[in-house]
Amino acid sequence: MLRFETASEAETIALGEKLARQVFPAHGVVLLTGGLGAGKTTLVKGIVRERAPSFREEVSSPTYTLIHEYGDPVTVYHVDLYRLDHERELATLGLEELLDRGALLVVEWPEKFPRIWPVRRVDVRIERGPGDQRSVTVLESQAL
Amino acid sequence: MRILGIETSCDETAAAVVEDARAILSNVVASQMTTHGKYGGVVPELASREHLRAIVPVVRDALEQAGCSLADLSAVAVTEGPGLVGSLLVGITYAKSLCFAKSLPLIGVNHMEGHIHAVLLEAAADGRQVLFPVLALVASGGHTHLFEVREPGQYRLLGRTRDDAAGEAFDKVAKLLGFPYPGGPIIDRLAPHGDPHGVRFTLAKMKGNPLDFSFSGLKTAVVRWVEQRDLAAEIETRRALVRHNPAPAREDWLAVTPKSTLDLLASFQQTVVDELLRRALAAAEVMDAETVIISGGVACNAGLRKAAASARFGCPVLFPTPALSTDNAVMIAAAAFPKLERKQFAGWDLRARAHLTLA
């Protein structure tokens, strides 16, 4: 288990870059948990900067669009399950299919569907401290 | 000339027939809000499968209501992006098949260009002339963008949200407080009952493009406000209200929302409206706008409309009617007319583009 503390939005983005460079697998599932406003999308900004440097625009929240793709070919899928409440809805997203495409699948609000995730994955938990401070815990399952 | 428009970029399956970029012959929208209202807070019609189910009847209805057949059309226009690829694909594939079968030209339209054309269509219908350059603010659940429109069809991105879209911030704050989806309209109806200066949000200053928006800091500030208080009982009362009454009236909401929460809602809405208008005003000044267009679902917000009317833009500010503010296919057909004139047709290789940008 790894623990990090960040003191600003910029540091959280930098941590996303570092995790994407040194900790996350080339492809597989990263589950990102943390409440509203914890900084999940901020961390993904860093992940995309490292894994899809050709994407020069702003990484924004996929809450409405559900899935954002980054890189050409796609190297990062950024998924947000905030709006989904039923497994039937989840089924329409076709996440298994995305998993087969050799990219990193970063999922926000995975805790809404705790039973469906593969055992081999990385769990990242972000917690809010005072002000812009965040603590980030990274837990790797088995050998990836 | 008549164009059939098809829109499937997000949750709505929509089709419409528009004549000469000004007359709406039909406007059909199959929305999750009416179909799945009983889920409250959920938007189940999310992906391609749901669009697939709706696309054929929706297009058929649009043609029937317009009293025309495919043979009466000059072209078929479809949203090519931005949006969810699986959803976009349904509309694109269906539009291609229609065009292939009936030898019609196919026109790809950017969803955000559509939102701008919703306003241009209504102005044309009223015989009002729109002076260019136009500053367009497109704000919805999925987008918050500022565009400079030098002349019809020429767009330049001036600013956009760096995190959450404005509509998304509304809906997330509403959900946090126990209001059902979509929460934006509820906050808008309750805001006049609270003090917009009742809660002070201190937001971090942003570096970079001064025309970019940010709403996630505000969202986090609301989360902190809620955490510092014991609102569990209050929130549960509101959730219980929705279980018994899926569409509570304003009085019902007021009965279960104390003054302190009303103040929070009013202050939150005021902060979002200020953020939108402050950047829009700065952008209008930078580009010397002759007209300001505010479109997208958030353009329905009464607080925003009122504040925009008294903001010092120094030029007309145009909003679409509520029906054309939210996602629809009229705007897609409307945006296709200039392209039809220029014979700017799409090939069979037209593909869904999740991150399609305008400009």
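Further up the page is the structure itself.
Residues numbered from 1 in each chain as written. Chains lettered and ligands numbered in written order. Predicted model: local features only at pLDDT ≥ 70, side-chain atom pairs only at ≥ 80, totals over all residues. Heavy atoms only, no water.

**Some words on the pattern of salt bridges**
Residues and elements named next belong to chain B.
Now for step 1: In this structure the tally under the stated criterion is 26 salt bridges over all chains.
Now for step 2: Across the pair D212 and R162 runs a salt bridge, and its minimum N-O distance is 3.3 Å. Of this pair, D212 sits in the loop between α6 (184-190) and α7 (216-227) while R162 sits in the loop between β8 (155-160) and α5 (166-176), placing them 50 residues apart in sequence.
Now for step 3: A salt bridge links R243 to E236; the nearest nitrogen and oxygen atoms lie 2.7 Å apart.
Now for step 4: By relative accessible area, which is 36% here, E236 ends up partly exposed. (Salt bridge = Lys/Arg side-chain N within 4 Å of Asp/Glu carboxyl O. Helix = DSSP H or I, 4+ residues; strand = E, 2+ residues; numbered from the N terminus. Buried < 20%, exposed > 50% of the residue type's maximum accessible area, 1.4 Å probe, protein only.)

**Notes on the interface of chain B and chain A**
Now for step 1: Listed by partner, the interface residues are 36 residues for chain B and 32 residues for chain A.
Now for step 2: Carbon and sulfur atoms supply 53% of the area that chain B and chain A bury against each other, a total of about 2900 Å² over both sides.
Now for step 3: The partner of A:R128 in a salt bridge is B:E227, and the shortest N-O contact between them spans 2.7 Å.
Now for step 4: Joining chain B to chain A, the criterion identifies 11 residue pairs in polar contact (both at pLDDT 80 or more).
Now for step 5: For the side of chain B that touches chain A, the secondary structure elements donating two or more residues are α2 (48-66), α5 and α7 of chain B.
Now for step 6: When residues of the side of chain B that touches chain A are assigned to their parent elements, the largest contribution, six residues, is made by α5(B).
Now for step 7: Residue composition of the side of chain B that touches chain A, grouped by class: 12 nonpolar, 10 polar and 14 charged. (Contact = heavy atoms within 4.5 Å. Buried area = accessible area lost by both parts, 1.4 Å probe. Polar contact = N/O pair within 3.5 Å; in protein donor to acceptor, adjacent residues only side chain to side chain. Nonpolar A, V, L, I, M, F, W, Y, C, P; charged D, E, K, R; others polar.)

**Thoughts on empty space enclosed by the protein**
Now for step 1: Evaluated as defined, the whole model comprises two cavities of 30 Å³ or more.
Now for step 2: For the largest cavity, the calculated volume is near 330 Å³.
Now for step 3: Lining the largest cavity are 29 residues, with A:S60, B:G142, B:H143, B:H145 and B:R160 positioned closest to its centre.
Now for step 4: Contributions of two or more residues to the lining of the largest cavity are made by β3 (67-70) of chain A together with β7 (144-149) and β8 of chain B.
Now for step 5: A per-element tally of the lining of the largest cavity places β7(B) first, with three residues. (1 Å grid on protein atoms, 1.4 Å probe; cavity = no way out; pocket = protein on both sides within 12 Å on 5 of 7 lines; lining within 4 Å. Points joined across faces, edges and corners; volume = space filled by probe spheres on them.)

**Considering the packing of α7(B) against helix α10 (residues 259-287) of chain B**
Residue and element names in this part refer to chain B.
Now for step 1: Contact geometry for α7 and α10: axes closest at 11 Å, N-to-C directions at 170°. Accordingly, the angle class assigned to the pair α7 and α10 is roughly antiparallel. Residues L218, V222 and W225 of α7 lie in contact with α10, whose contacting residues are S260, T261, L264, F268, T271 and V272. (Axes fitted to C-alpha atoms, helices over the stretch in contact; angles between N-to-C directions. Parallel < 35°, antiparallel > 145°, perpendicular 65-115°, else oblique.)

**Some remarks on the sheet that holds strand β1 (residues 2-7) of chain B**
Residue and element names in this part refer to chain B.
Now for step 1: What the five strands build is an open sheet, ordered β3-β2-β1-β4-β5; its pairing is mixed. Two strands lie at the open edges of the sheet, namely β3 (23-30) and β5 (106-110), each paired on one side alone. The mean angle between the axes of side-by-side strands here comes to 20°, regardless of whether they run parallel or antiparallel.
Now for step 2: Across seven bridges, the pairing between strand β2 (residues 13-19) and β3 is antiparallel. Each residue of the ladder has a partner; that of V17, found in β3, is S26. (Pairing = 2+ DSSP bridges.)

**Some details on the nonpolar core**
Residues and elements named next belong to chain B.
Now for step 1: Within the largest apolar cluster, 53 residues are counted, with the highest numbers of intra-cluster contacts made by L135, L146, F268, L276 and I294.
Now for step 2: It is α10 that contributes the most residues to this core, 12 residues altogether.
Now for step 3: Setting aside chain neighbours within four positions, we find L135 in contact with L146, F147, L158, A280, A283, A284, M287, A289, T291, V292 and I293.
Now for step 4: Counting 28 residues, the second largest nonpolar core, distinct from the first, contains A15, I92, L98 and L104. (Core = buried A, V, L, I, M, F, W, Y, C linked by side-chain atoms within 4.5 Å.)

**Quick word on the packing of aromatic side chains**
Now for step 1: Counted by the stated rule, this structure contains six aromatic pairs over all chains.
Now for step 2: Relative to A:Y70, the ring of A:F55 lies with its centre 4.6 Å away and its plane at 75°, an arrangement referred to as edge-to-face. Of this pair, A:F55 sits in the loop between α2 (40-51) and β3 while A:Y70 sits in strand β3; the two residues are 15 residues apart in sequence, bridging distant segments of the chain. As far as the burial class goes, A:F55 and A:Y70 line up, both buried.
Now for step 3: The positively charged end of A:K112 is found above the aromatic ring belonging to A:Y82, 5.7 Å away from the centroid.
Now for step 4: The residue whose ring lies beneath B:K172 is A:Y82, and the NZ or CZ to ring-centre distance is 5.0 Å. (Phe/Tyr/Trp six-rings, centres within 6.5 Å; stacked < 30°, edge-to-face > 60°. Lys NZ or Arg CZ within 6 Å of the ring centre and 35° of its normal.)

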